[in-house]
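Here's the letter readout for the chains.
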Protein chains: 2
Amino acid sequence: MTQPDVETTHRRVALPQRESRNRHPGGVLWFTGLSGAGKSTLAFALEECLFNEGYQVYVLDGDNLRGGLSSDLRFTHIDRTENIRRAGQVAALFADAGLICIAAFISPYRSDRAIASTNAKRFHEIYIRADLTTCESRDPKGLYRLARAGEIENFTGIDDVYEAPDNPAFVVDTTELTIEQSLASLSGFVAAHFSLRASDG
Amino acid sequence: MTQPDVETTHRRVALPQRESRNRHPGGVLWFTGLSGAGKSTLAFALEECLFNEGYQVYVLDGDNLRGGLSSDLRFTHIDRTENIRRAGQVAALFADAGLICIAAFISPYRSDRAIASTNAKRFHEIYIRADLTTCESRDPKGLYRLARAGEIENFTGIDDVYEAPDNPAFVVDTTELTIEQSLASLSGFVAAHFSLRASDG
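Treat the numbers as computed from the prediction; the structure is a model and nothing was measured.

What counts and what doesn't
Residues numbered from 1 in each chain as written. Chains lettered and ligands numbered in written order. Predicted model: local features only at pLDDT ≥ 70, side-chain atom pairs only at ≥ 80, totals over all residues. Heavy atoms only, no water. Helix = DSSP H or I, 4+ residues; strand = E, 2+ residues; numbered from the N terminus. Rg over C-alpha atoms; globule rule 2.2 N^0.38 Å. Buried < 20%, exposed > 50% of the residue type's maximum accessible area, 1.4 Å probe, protein only. Areas by Shrake-Rupley, 256 points an atom, 1.4 Å probe, with all protein chains shown as cover. Lys, Arg positive; Asp, Glu negative; His and termini not counted. Charge placed at Lys NZ, Arg CZ, Asp CG, Glu CD. Pairing = 2+ DSSP bridges. Axes fitted to C-alpha atoms, helices over the stretch in contact; angles between N-to-C directions. Expected span 1.5 Å × (residues − 1). Least-squares fit on C-alpha atoms with pLDDT ≥ 70 in both. Contact = heavy atoms within 4.5 Å. Buried area = accessible area lost by both parts, 1.4 Å probe. Salt bridge = Lys/Arg side-chain N within 4 Å of Asp/Glu carboxyl O. Polar contact = N/O pair within 3.5 Å; in protein donor to acceptor, adjacent residues only side chain to side chain. Nonpolar A, V, L, I, M, F, W, Y, C, P; charged D, E, K, R; others polar. Phe/Tyr/Trp six-rings, centres within 6.5 Å; stacked < 30°, edge-to-face > 60°. Lys NZ or Arg CZ within 6 Å of the ring centre and 35° of its normal. Core = buried A, V, L, I, M, F, W, Y, C linked by side-chain atoms within 4.5 Å.

**Some points on the overall build of chain A**
Argument step 1. Looking only at helices and strands, chain A has eight helices and five strands in total.
Argument step 2. Scanning chain A from its N terminus toward the C terminus, one meets helices and strands in the order α-β-α-β-α-α-β-α-β-α-α-β-α.
Argument step 3. Relative to the compact-globule value of 17 Å for 201 residues, chain A shows a C-alpha radius of gyration of 18 Å, a close match.
Argument step 4. Oriented by its inertia axes, the alpha-carbon framework of chain A measures out at about 65 × 40 × 30 Å.
Argument step 5. Looking at chain A as a whole, 56% of its 201 residues are labelled buried.
Argument step 6. In the structure as shown, chain A presents an accessible area of about 8400 Å², 50% of it carried by carbon and sulfur atoms.
Argument step 7. Between the centroid of the 21 positive side chains of chain A and the centroid of its 27 negative side chains there is a distance of 5 Å.

**Observations concerning the sheet that holds strand 2 (residues 57-61) of chain A**
All names here are of chain A.
Argument step 1. Across the sheet, five strands lie side by side as 2-3-1-4-5; this open sheet has parallel pairing. At either margin of the open sheet sits one strand with a lone partner, and together these are strand 2 and strand 5 (170-173). The average undirected angle you get between the axes of adjacent strands in this sheet is 20°.
Argument step 2. Examined bridge by bridge, strand 1 (residues 27-32) and strand 4 (residues 123-129) share five bridges and lie parallel to one another. Across the sheet, residue V28 finds its bridge partner in strand 4, namely F123.

**Structural notes on helix 2 (residues 39-53) of chain B**
Residue and element names in this part refer to chain B.
Argument step 1. In this model helix 2 runs 21 Å from its N-terminal to its C-terminal C-alpha over 15 residues, within 8% of the 21 Å that 1.5 Å per residue would give.
Argument step 2. Most of helix 2 is tucked away: 11 of the 15 residues are buried.
Argument step 3. Those residues of helix 2 that fall on the buried side of the exposure criterion are K39, S40, T41, L42, A43, F44, A45, L46, E47, L50 and F51.

**Let's talk about the relation of the copies chain A and chain B**
In this structure, two copies of a chain are linked by a rotation about an axis accompanied by a shift along it.
Argument step 1. Taken as rigid bodies, chain A and chain B are interconverted by a rotation of 180° and an axial shift of 0.0 Å, the fit giving an RMSD of 0.0 Å. Accordingly, the operation relating the two chain copies is best matched by a two-fold axis.
Argument step 2. When the interface residues of chain A are mapped onto chain B, 100% of them again lie at the interface, so the same face is used by both copies.

**A closer look at the interface of chain A and chain B**
Argument step 1. Contacts between the two partners involve 57 residues from chain A and, on the opposite side, 57 residues from chain B.
Argument step 2. Counting the surface lost from both chain A and chain B, the interface buries some 5000 Å², and carbon and sulfur atoms represent 57% of this.
Argument step 3. At the boundary of chain A and chain B, one finds 10 salt bridges.
Argument step 4. Where B:R86 meets A:E82, a salt bridge forms, and the shortest distance between an N and an O atom there is 4.0 Å.
Argument step 5. Between chain A and chain B we count 28 residue pairs in polar contact (both at pLDDT 80 or more) in total.
Argument step 6. Secondary-structure elements contributing two or more residues to the side of chain A that touches chain B are helix 1 (15-22), helix 2 (39-53), strand 2, helix 3 (62-66), helix 4 (77-96) and helix 6 (132-138) of chain A.
Argument step 7. When its residues are assigned to classes, the side of chain A that touches chain B shows 23 nonpolar, 22 polar and 12 charged.

**Details of the packing of aromatic side chains**
Between two aromatic rings, the relevant description is the distance of the centres plus the angle of the planes.
Argument step 1. One pass over the full model with this rule turns up 13 aromatic pairs over all chains.
Argument step 2. Plain terms: the ring middles of B:Y58 and B:F94 are 5.1 Å apart, the flat faces sit at 15° to each other, and that makes the pair stacked. Remark: B:F94 occurs in helix 4 (residues 77-96) and B:Y58 occurs in strand 2 (residues 57-61); sequence separation between them is 36 residues.
Argument step 3. Of the residues examined, B:Y58 reaches a relative accessible area of 1% and is grouped as buried.
Argument step 4. In textbook terms, an aromatic cluster arises when at least three aromatic residues are bridged by ring pairs, as seen for A:Y58, A:F94, B:Y58 and B:F94.
Argument step 5. Stacked on the ring of B:Y58, the Lys or Arg A:R11 has its end atom at 4.2 Å from the ring centre.
Argument step 6. Above the ring of A:F75, the side-chain terminus of A:R66 is found at 3.9 Å from the ring centroid.

**Side note on the pattern of salt bridges**
Argument step 1. Going through the model one piece at a time under the given rule, you end up with 30 salt bridges over all chains.
Argument step 2. Among the salt bridges present, the one from B:R11 reaches B:D96, with a minimum N-O distance of 3.8 Å. Taken together, the residues B:R11 in the segment before helix 1 (15-22) and B:D96 in helix 4 connect sequence positions 85 residues apart.
Argument step 3. For B:R11, a relative accessible area of 26% corresponds to the partly exposed category.
Argument step 4. Shared partners join several salt bridges into a network, and the residues in it are A:D72, A:E82, A:R85, A:R86, B:D72, B:E82, B:R85 and B:R86.

**A look at the nonpolar core**
Argument step 1. A:W30, A:L60, A:F94, B:W30, B:L60 and B:F94 are the most contacted members of the largest nonpolar core, which totals 44 residues.
Argument step 2. Of all elements in the fold, only strand 1, strand 2, helix 4 and strand 3 (100-104) of chain A together with strand 1 (27-32), strand 2, helix 4 and strand 3 (100-104) of chain B reach the threshold of two or more residues within this core.
Argument step 3. Not counting the four nearest positions on each side in its chain, B:L60 is found in contact with A:L93, B:L65, B:A87, B:V90, B:A91, B:F94, B:C101, B:I102, B:A103, B:A104 and B:F105.
Argument step 4. With 34 residues, the next largest nonpolar core counts A:A37, A:A45, A:L46 and A:A104 among its residues.

**Some remarks on unusual backbone geometry**
Argument step 1. Here the phi dihedral of A:R23 falls at roughly 70°; this positive angle occurs in a residue that is not glycine.
Argument step 2. Tracing the chain through its elements places A:R23 in the loop between helix 1 and strand 1.
Argument step 3. Although it is not a glycine, B:D139 sits at a positive phi angle of roughly 35°.
Argument step 4. Here B:D139 lies in the loop between helix 6 (132-138) and helix 7 (143-148).
Argument step 5. B:D139 gets classed as buried once you look at its relative accessible area, which sits at 15%.

Shape is all these values report; function is a separate question.
Below, the structure is given as structure tokens:
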């Protein structure tokens, strides 16, 4: 092999080619909100809905990252920030690959979300909103109970802050809406921002 | 919204559905070899080739990870291990999303590659082989010169070890083959392990 040309190490498949193949733009839908607000539930439901419509879509959430890429991190402020930094980088890679990446993370700190937003070209911060009382009454994983009992620390909403978005691209209030209504609302947002071109075939 | 059912937080789009949509399995092609062996050159060339054939494919390489996800890491043994751990996790996420992820990393330590291989269901270690003299004569980024001058440390092949694969799934010897021959050889490997079904349309 002749000496590799440094130029050839640049990517040869451009994003527009991927988007043309997939018939929609790539990007990131960043779901932020309290534990129990419904982020993961809605992320996976939206993923199914979009997949069935023909989108290339993939969910990253706290559970699949914490068990793998971020398995070395804990829940201190500095480790949460690092977790969100990594999540933002991975979401941007998926967007660069032409997919819609739904990233569902509590991501309690405004500055962390701001950093994540700078990585991807099409990044939309979506606030999955529910008040603390509602989230705590749902307590799907029993974590609020443990946090109140002092058995887990740095729990967002209990002994750690949640900084609500100042200017989110979209808000879904799951205290007021059913899952079906929330999903319909999110689908409408996606249709408006990532429209799917008709298939040629 | 009623209390989220923990069950609903599991992924609702299964990998076989993605693979059926994409017409090929997802997986990881892990390129290992010395700096200058041709890993990134061949990875991006193979990506283009597979994309044009209809594959969903994405390259992760040292440069795009080191500038983002692993920007906090240096080139010490422990940081290299962490870099490869993260790369392996991200490659596995892409495979889980139904893509073929071509991961091009020197990944000098056998044990690090072994860990990366456990994350993804279809993982193929591909040794991009060239002897040190050849790689050093190519020196596409001028790094060997800097390493010999002592201006960079822990450089694989100079003052850090490269542990060649014991039992790689495939070997491409870029000392003997041209880029075109290497690429043809890799394409054959992919066709055998990730065959593309004919389009219905």
